[in-house]
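Chain by chain, the residues:
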Amino acid sequence: LAASAPRANSRQSGDKSPHSKGVACLLAALLAVLTAAPAWAQFGINGFSWGFAGPFGLPARLSAVTVYQSSTNFLAASPEGGLWQSTDGGNTWTVLTDSAPASQICSVTLNPAAPNTLFAGTGDDFSLRGNPGVMRSTDGGHTWALSAGFSSHAVCALALDPSNSQRLVAGSLSGIFLSVDQGMTWTQVSSAGAQNLLFDPSGNGVVYASIYSPSFLTGGGSASSPLLKSTDHGATWNPVLIMAPLP
């Protein structure tokens, strides 16, 4: 398990999935922004030290990693193997979802104010089984409850509002969904296929979503922007104007 774990693709390199196309669009948008941004410090091979930390054997593919409770406590989500936890900095791992309603875990987030409350987005867009949705645990991952039926695709983006722990935003290729009751019920607030979600940690209600936007590379303009912004805690969304890269 690397210190940063993007969703690896177990398909052959020539197979273009919706997520890989969306990531390409997002990277192109970020490149356009960064060309005018201040210089960045290198943090790769010649900077920080990286090493493989597991889990070993299973799962074959990870889609999300988050720090949980302490600097040596991690959660790792796998669409092919469930949600895993390490409490010793990655030396050993334990699966938390063997008895959960779903074993395909694509995203994970937590409530810092209630350390035992975890949320896991379920499903796998490469090989979907069962109803994708969001699972909630209030006992540190020992038991889970699933809320499903609101998305027909895997929920691979999930974020908790830092100013209100009742509010969560979930994203899938089906759209963006909002819950105001800690994930028990969901309302669709955008039809844009979201792949990543990020709240401003200051709690000002601003949240960003990177979306699946193949036309960004060819269309340009706000209609094809791969980045959306909400200023009302995820209730409404508008495109962020980004200049499309030149061919």
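Just so we're clear, the structure is a prediction, and the values are computed from it rather than from any experiment.

> What exactly am I supposed to notice about the side chain of S151 here?
In this fold, S151 is placed in the loop between strand 8 (145-148) and strand 9 (157-160). The exposure class of S151 is buried, given its relative accessible area of 7%. A distance of 2.7 Å separates a polar atom in the side chain of S151 from a polar atom in the side chain of S172. Polar side-chain contacts of S151 include one of 3.4 Å to the side chain of S174.

> Just to check I follow, could you spell out the state of the cysteines for this structure?
Such a bond, covalent and formed between the sulfur atoms of two cysteines, is termed a disulfide. Applying the stated criterion across every chain, the model contains one disulfide. Shown here is the disulfide that connects C106 with C156, its sulfur atoms set 1.8 Å apart. Taking the torsion about the S-S bond as the criterion, the C106 to C156 disulfide, at about 95 degrees, is right-handed. With C106 in strand 5 (residues 105-110) and C156 in the loop between strand 8 and strand 9, this residue pair connects regions lying 50 residues apart in the sequence.

> How do you make sense of the nonpolar core when you look at a structure like this?
The biggest cluster of nonpolar side chains holds 15 residues, and the ones touching the most others in it are L75, L83, M135 and W144. Taken together, the elements giving at least two residues each to this core come down to strand 1 (64-68), strand 2 (70-78), strand 5 and strand 6 (118-122). Ranked by the residues each element gives to this core, the list is headed by strand 5, at three residues. When residues no more than four places from it in sequence are discounted, the contact partners of M135 are T97, A100, P101, A102, I105, L118, F119, A120, T122, W144, A145 and L146. Of all hydrophobic cores here, the second largest spans 14 residues; its members include A157, I176, V207 and W237.

So, how was this worked out
- Along each chain, residues carry numbers from 1 onward, in the same order as the chain's sequence is written.
- Totals for whole chains, interfaces and linings use every residue, but because this is a predicted model, local features are given only for residues with pLDDT of at least 70 and side-chain atom pairs only at 80 or more, for both listing and counting.
- To get the side-chain values, all heavy atoms of the structure are used, and hydrogens and water are removed first.
- Strands here are runs of E lasting at least two residues and helices are runs of H or I lasting at least four, both read from the DSSP assignment and numbered beginning at the N terminus.
- Buried residues are those whose accessible area, probed at 1.4 Å on protein chains only, stays under 20% of the maximum for their type, while exposed residues exceed 50% and partly exposed ones sit between those limits.
- Polar contact is defined as a pair of N or O atoms within 3.5 Å, subject to the rule that within protein one atom must be able to donate a hydrogen and the other to accept it, and that residues adjacent in sequence are counted only when both atoms are side-chain atoms.
- Only a pair of cysteine sulfur atoms within 2.5 Å qualifies as a disulfide here.
- By convention a nonpolar core is built from buried Ala, Val, Leu, Ile, Met, Phe, Trp, Tyr and Cys residues, the set being connected through side-chain atoms within 4.5 Å.
- Contact between two residues is taken to exist if any of their heavy atoms lie within 4.5 Å; hydrogens are not considered.

Keep in mind these values describe shape, not function.
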